[in-house]
Amino acid sequence: LAFRLFTTAAAWTLLVLPIAGVILYGLYRDDVQASFDGQLQKLVNAITVDSMGTGDTPATAPANLYEPLFEVTHSGWYWQITPLDEPNVPRLVSPSLATATLPSPEKNGIAPDISGARWMTAPGPKDQPLRLVEVIDTLGHEPDKPRYSIIVAGPQDWLDHLVANFRYRLTTALALAGLGLVAVTLFQVRFGLLPLRQIERGLAGIRSGSATALEGELPAEIEPLQTELNALIRSNQDIVDRARTQVGNLAHALTPPLAVLTNQARGDAPATLRCSFALRLPPTP
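The notes below deal with the structure included here. On a predicted model such as this, the values are computed, not experimentally measured, just so you know.

Side note on the packing of helix H2 (residues 156–192) against helix H3 (residues 194–208)
Direction vectors running N to C along H2 and H3 enclose 35 degrees, while the axes themselves pass 5 Å from each other. Counting all contacts with H2, which are made through Arg190, Phe191 and Gly192, the residues of H3 involved are Leu194, Pro195 and Arg197. Across the contact of H2 with H3, the residue classes break down as three nonpolar, one polar and two charged.

As structure tokens, this is what we get:
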């Protein structure tokens, strides 16, 4: 019984905790990805508003830095503004991008989302993975003006590092929780079944004759069993007592006939009566 209870509880714990860990890890990863994408979305929107101007002049570099790492070469944070309808207009890039070029999600066949942004993960200038967002807009945000591709990229490995740290901490926490639950389950099973061991010792005492009933205070769940066992013991004792009484009565009733037979065997009866009890042996050939 203890083995079954422990095995069931331990199996359930070892089954639920990994499932819970996978769910928590997925939720955290999605939240971190959404937060990172939200930051990129804000940056590309701000650069678009700051660079597209009024529509009378070509796109200009954003006056606001927005992100200090845009100034650090190959930092992983980049922006790029590329004209789509005017090939003679120069491409604008962040100082961090230097002479490299960011891939365009539009040219890679990525469809826009409901906000018009296109998302893609691709290798960067140093082959580090980048998360890119691209917005296609026109000068002055007017439909008849030349179109520009505005791309902002951030380091995907930064996000992966956060998720990996969380996965390690989550795995450690769930492993410790699992070990703790298994230990508590073992203690609970052992402690919960102690009354049954007490009943076992009580029955052993009754069998050896050192006790006549199950004594001791037991939990309310075990008391009916104790009551029924004591009733069974009393019932068996009553049967034994009645059998002893009947045997005593039988022995008392058999005493006179046995005395007569004993006297006859000793030769106290008449000769004619003794002859009737003589052993008749077959004749000797």
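Examining the nonpolar core
Formed by 26 residues in total, the largest nonpolar core has its most connected members in Ile81, Tyr148 and Val152. Every element with two or more residues in this core is listed here: helix H1 (2–51), strand E1 (78–83), strand E4 (129–138), strand E5 (147–155) and H2. The element contributing the most residues to this core is H1, with seven residues. Residues Tyr78, Ala100, Ala122 and Leu132 belong to the second largest nonpolar core, which totals 10 residues.

What about H2?
Between its first and last C-alpha atoms H2 spans 52 Å; for 37 residues at 1.5 Å apiece the expected length is 54 Å, and the two agree. Taken residue by residue, H2 has Gln156, Leu159, Val163, Phe166, Leu170, Gly178, Thr185 and Val189 as its buried positions. The elements touched by buried residues of H2 are H1, strand E3 (118–123), E4 and E5.

Examining the pattern of salt bridges
Counting across every chain of the model gives two salt bridges. Measuring nitrogen to oxygen at the nearest pair gives 3.0 Å for the salt bridge that ties Arg131 to Asp37. Here the residue Arg131 occupies a position in strand E4, and Asp37 occupies one in helix H1, the gap between them amounting to 94 residues. Accessibility expressed as a relative area gives 14% for Arg131, which makes it buried. The partner of Asp85 in a salt bridge is Arg147, with the nearest N and O atoms 3.3 Å apart. Within this pair, whereas Asp85 is found in the loop between E1 and strand E2 (92–93), its partner Arg147 is found in strand E5, the two being separated by 62 residues in sequence. Since its relative accessible area comes to 38%, Asp85 is described here as partly exposed.

What about the pairing of E4?
Counted residue by residue, E4 has eight buried out of 10 residues, so it is predominantly covered. Pairing geometry for E3 and E4, over six bridges, is antiparallel. In the strand pairing of E4, Ala122 is matched with Leu130. Where E4 lies against E5, nine bridges are found, and the strand directions are antiparallel. The partner of Glu134 across the bridge, within E5, is Ile151.

Details of the packing of aromatic side chains
Counted by the stated rule, this structure contains three aromatic pairs. Seen in terms of ring centroids, Phe36 and Trp77 are 5.8 Å apart; in terms of plane orientation they differ by 65 degrees. Their pairing is edge-to-face. In this pair, Phe36 sits in helix H1 while Trp77 sits in the loop between H1 and E1, placing the two residues 41 residues apart along the sequence. Accessibility assignment for this pair places Phe36 and Trp77 in one class, buried. With a centroid separation of 5.3 Å and an interplanar angle of 35 degrees, the aromatic rings of Phe36 and Trp158 are classed as tilted. Linking Phe36 in helix H1 with Trp158 in helix H2, this pair joins segments that are 122 residues apart in sequence.

What counts, and at which threshold
Residues numbered from 1 in each chain as written. Predicted model: local features only at pLDDT ≥ 70, side-chain atom pairs only at ≥ 80, totals over all residues. Heavy atoms only, no water. Axes fitted to C-alpha atoms, helices over the stretch in contact; angles between N-to-C directions. Helix = DSSP H or I, 4+ residues; strand = E, 2+ residues; numbered from the N terminus. Contact = heavy atoms within 4.5 Å. Nonpolar A, V, L, I, M, F, W, Y, C, P; charged D, E, K, R; others polar. Core = buried A, V, L, I, M, F, W, Y, C linked by side-chain atoms within 4.5 Å. Buried < 20%, exposed > 50% of the residue type's maximum accessible area, 1.4 Å probe, protein only. Expected span 1.5 Å × (residues − 1). Salt bridge = Lys/Arg side-chain N within 4 Å of Asp/Glu carboxyl O. Pairing = 2+ DSSP bridges. Phe/Tyr/Trp six-rings, centres within 6.5 Å; stacked < 30°, edge-to-face > 60°.

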